[in-house]
Amino acid sequence: MKNHLNRNSYRILEEENGISKKTACTLVNLVAEELIHSNELTKLLKQQNYSGILLIDGKYVPVKEAAGEERIRGFVPRSAKRRGKTKKGLVAIVCIDYLTHDIPIYDVFLSENSFDMRSIFKAMKEICYPLKILLCDETMGQIAEVAKEFFPDVIIQICCTHYSKTIERTFVCSSAKRTYRAIEKQLNSLEESFLISTHNHDREKAVRLTNQMADLEHEYGYLWQVQELFCDLLWQVSGEKELAEWEDNFNEMIGQMNLKKYPHAKKIKDRYLDYYEKRESITVSIRHPELDIPRTTNLIEGWNSTTMELRISSIRGFKKEQNARNYINAIILKYRFHKFTDCKKKFKNLNGKSPLEESLPMNIFGFNSETSDWILFCKNIKEQAPK
């Protein structure tokens, strides 16, 4: 089990231990089933050092025989990515505490939706998690509002990276900008040769390139202006004063645009309305720099890609839903007990500690991070825990 969770594939286990891949898979599933649920472990350990800044995101896990497919889909569509012939699956909703990097609560659902998300925040309430700030991507923004049913004072921040990518995806003008710059580079390479009366070829080329640039600027110029302005907002602006100045510039720029016959007028109008509709959640970190609120969900995105994705993709999904649930739980438990080694900048202090250690559990039940085996510990504590 340990070797497999340390990214040794079933094929490697087969070669090293002289057992078939099927046998290795069966053994891993059996051990995973015997481990305590990570959420139950949190309740027993009673951590005391959580920051109250929570990052939340969902990760699709392919499962061939996912139960309950007849249920109504959630408000947010499940990932379109599929492997092989696997058409069904689950979504693991993971919550990471920002400063300790621990995962106090997670759950597995058929989709990301408000109904199921209530159980996440209910569990948070039960463990007395001090939720103050919630970070999520834009697709989960409305679902995250459910948190206010249990934590009325929670501040919600939309990930700036996701919001920026949403603008790129809806404007579809980045490739045109690259084309514009490439043409501009060709024009600059001519230097002043096209001004010489005998250089007719260079003159014709300069006219052609200039016309191409003018066409691109006519069609995409307004989109480029809006996208660049949002880039300044998301990554440069800090404080109420700078935000007010940015919004004045934004409103003035939109007001000066002649959108009546502009082919992409609807995209600009929709983005303008979307910003002011989501302003409170987009600008929290800007308006309150003293709270040191992260602007992105990079931490949990990195966890999904380096911990969950690498492990899940190597086995190409699951046949049974329960095996998938047990396996996800094992991945999270393994992560919570592992020691950090490569944390940088503000998280350097985490190196040499595990997420569980950093969260200062009130109860440790005799676990020693230097000598104890986390798998045996999780088996034993599950047997000893009250039913």
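Use the structure listed above.
On a predicted model such as this, the values are computed, not experimentally measured, just so you know.

Q: Help me out: how do you make sense of the overall build of the protein in this one?
A: Looking only at helices and strands, one finds 18 helices and six strands in the protein. When its C-alpha atoms are laid out on the principal axes, the protein stretches across 90 × 50 × 45 Å. Burial statistics for the protein: of 387 residues in total, 49% are counted as buried. Look at the contacts in the protein between residues 6 or more apart in sequence, and 71% of them connect residues 24 or more apart. When the accessible surface of the protein is totalled, it reaches about 20800 Å², and 51% of it is carbon and sulfur. Each charge sign in the protein was given a centre, from 59 positive and 53 negative side chains, and these centres are 6 Å apart.

Q: Looking at this model, I keep getting lost on the packing of helix α10 (residues 200-235) against helix α12 (residues 265-277). Mind explaining?
A: Describing two packed helices takes the angle between their axes plus the distance from one axis to the other. Interaxial distance between α10 and α12 falls to 10 Å at its minimum, and their mutual angle equals 20 degrees. The orientation of α10 with respect to α12, classified from their angle, is roughly parallel. When you trace α10 past α12, the crossing you get is left-handed. Together, Y222, L223, V226, F230 and L233 of α10 and K267, I268, R271 and Y275 of α12 make up the contact between the two elements. In terms of residue class, the contact of α10 with α12 is built from seven nonpolar, no polar and two charged.

Q: Help me understand a positive patch on the surface in this model?
A: Together, K22, K64, K319 and K320 give the surface a local cluster of positive charge. Its place among the elements puts K22 in helix α3 (residues 21-34).

Q: Which parts of the structure should I look at to understand helix α16 (residues 321-337)?
A: Spacing of three or four residues puts side chains on the same side of an α-helix, whose turn is 3.6 residues. Across its 17 residues, α16 extends 25 Å between first and last C-alpha, which sits within 8% of the 24 Å expected from 1.5 Å per residue. For α16, the tally of buried residues reaches 13 of 17 residues, placing the bulk of the element in the interior.

Q: Before we go on, may I ask you to explain α10 in this structure?
A: Between the first and last C-alpha of α10 there are merely 46 Å, a value that for 36 residues lags more than 12% behind the 52 Å anticipated at 1.5 Å per step. The largest bend along α10 reaches roughly 60 degrees and is located at Y220.

Q: Even after reading the chapter, I still don't get a negative patch on the surface, so can you show me in this structure?
A: On the surface, a cluster of negative charge is made up of E242, E245, D248 and E252. One can find E252 in helix α11 (residues 240-256).

Q: Would you explain the side chain of H264 in this entry?
A: Within the fold, H264 resides in the loop between α11 and α12. Taking relative accessible area as the criterion, H264 reaches 13% and is therefore assigned buried. Apart from the residues lying within four places of it in its own chain, the contact partners of H264 are E219, Y220 and L223.

Q: In this structure, what is going on with the packing of aromatic side chains? I would like to understand it.
A: For any two aromatic rings, the description comes down to two numbers: the centre-to-centre distance and the angle of the planes. Going through the model one piece at a time under the given rule, you end up with 23 aromatic pairs. With a centroid separation of 5.8 Å and 70 degrees between ring planes, the pair formed by F230 and Y275 is classed as edge-to-face. Placement of the pair is F230 in helix α10 and Y275 in helix α12, with a sequence separation of 45 residues. Assigned by exposure class, F230 and Y275 land together as buried. For the ring pair F250 and Y272, a centre distance of 5.3 Å and an interplane angle of 40 degrees mean the geometry is tilted. With F250 in helix α11 and Y272 in helix α12, the pair connects residues that are 22 residues apart, well separated along the chain. Judged by its relative accessible area of 0%, F250 is buried. Of the aromatic side chains, those joined through ring pairs into one cluster are Y163, F230, W246, F250, Y272, Y275 and Y276.

Q: It is not clear to me how the nonpolar core should be interpreted in this structure. Could you clarify?
A: What tends to happen in soluble globular proteins is that the nonpolar side chains get buried as a cluster. Ranked by size, the top nonpolar core spans 37 residues in total, and within it V226, F230, L233, F250 and Y275 carry the most contacts. Within the residue set of this core, elements represented by two or more residues are α8 (160-171), α9 (174-189), α10, α11 and α12. Ranked by residues supplied to this core, first place goes to α10 with 12 residues. Among all residues touching Y275, those that are not within four sequence positions of it are Y163, F230, L233, L243, W246, E247, F250, I282 and T283.

Q: Sorry, what's going on with the pattern of salt bridges here?
A: Opposite charge on two side chains makes pairing possible when the charged atoms of those side chains draw close. In the structure shown here, the tally under the stated rule is 19 salt bridges. Ionic contacts of the salt-bridge type, sharing partners, join the residues E138, R271, D274 and K278 into one network.

Q: Which parts of the structure should I look at to understand the packing of α16 against helix α18 (residues 374-384)?
A: For the pair α16 and α18, interaxial distance at closest approach is 10 Å and the crossing angle is 120 degrees. Note that α16 runs across α18; the crossing there is right-handed. Residues A330, L333, K334 and F337 of α16 form the contact with α18, whose own contacting residues are W374, F377 and C378. Broken down by class, the residue content of the contact of α16 with α18 amounts to six nonpolar, no polar and one charged.

Q: Honestly, the environment of L223 in this entry has me stumped. Any pointers?
A: Relative to the helices and strands, L223 is located in helix α10. A sequence separation of 41 residues divides L223 from H264, and the C-alpha atoms of the two residues are 7.7 Å apart.

Q: I tried to follow the state of the cysteines on my own but got confused; where do I start?
A: Note: disulfide means a covalent bond formed between the sulfur atoms of two cysteine side chains. Throughout the structure, instances matching the rule amount to zero disulfides. Looking at C128, it has no disulfide partner, and the nearest cysteine sulfur is the one in C95, 16 Å off. Among the cysteines around C160, which has no disulfide bond, C159 carries the closest sulfur, lying 6.6 Å off.

Basis of the calculations
- Residues numbered from 1 in each chain as written.
- Predicted model: local features only at pLDDT ≥ 70, side-chain atom pairs only at ≥ 80, totals over all residues.
- Heavy atoms only, no water.
- Helix = DSSP H or I, 4+ residues; strand = E, 2+ residues; numbered from the N terminus.
- Buried < 20%, exposed > 50% of the residue type's maximum accessible area, 1.4 Å probe, protein only.
- Contact = heavy atoms within 4.5 Å.
- Areas by Shrake-Rupley, 256 points an atom, 1.4 Å probe, with all protein chains shown as cover.
- Lys, Arg positive; Asp, Glu negative; His and termini not counted.
- Charge placed at Lys NZ, Arg CZ, Asp CG, Glu CD.
- Axes fitted to C-alpha atoms, helices over the stretch in contact; angles between N-to-C directions.
- Parallel < 35°, antiparallel > 145°, perpendicular 65-115°, else oblique.
- Left-handed = near helix turned anticlockwise from the far one by under 90°.
- Nonpolar A, V, L, I, M, F, W, Y, C, P; charged D, E, K, R; others polar.
- Patch = residues over 30% accessible without salt bridge, like charges linked within 9 Å, V, L, I, M, F, W, Y side chains within 5 Å.
- Salt bridge = Lys/Arg side-chain N within 4 Å of Asp/Glu carboxyl O.
- Expected span 1.5 Å × (residues − 1).
- Bend = angle between axes of the 7 residues up to and from the residue.
- Phe/Tyr/Trp six-rings, centres within 6.5 Å; stacked < 30°, edge-to-face > 60°.
- Core = buried A, V, L, I, M, F, W, Y, C linked by side-chain atoms within 4.5 Å.
- Disulfide = S-S within 2.5 Å.

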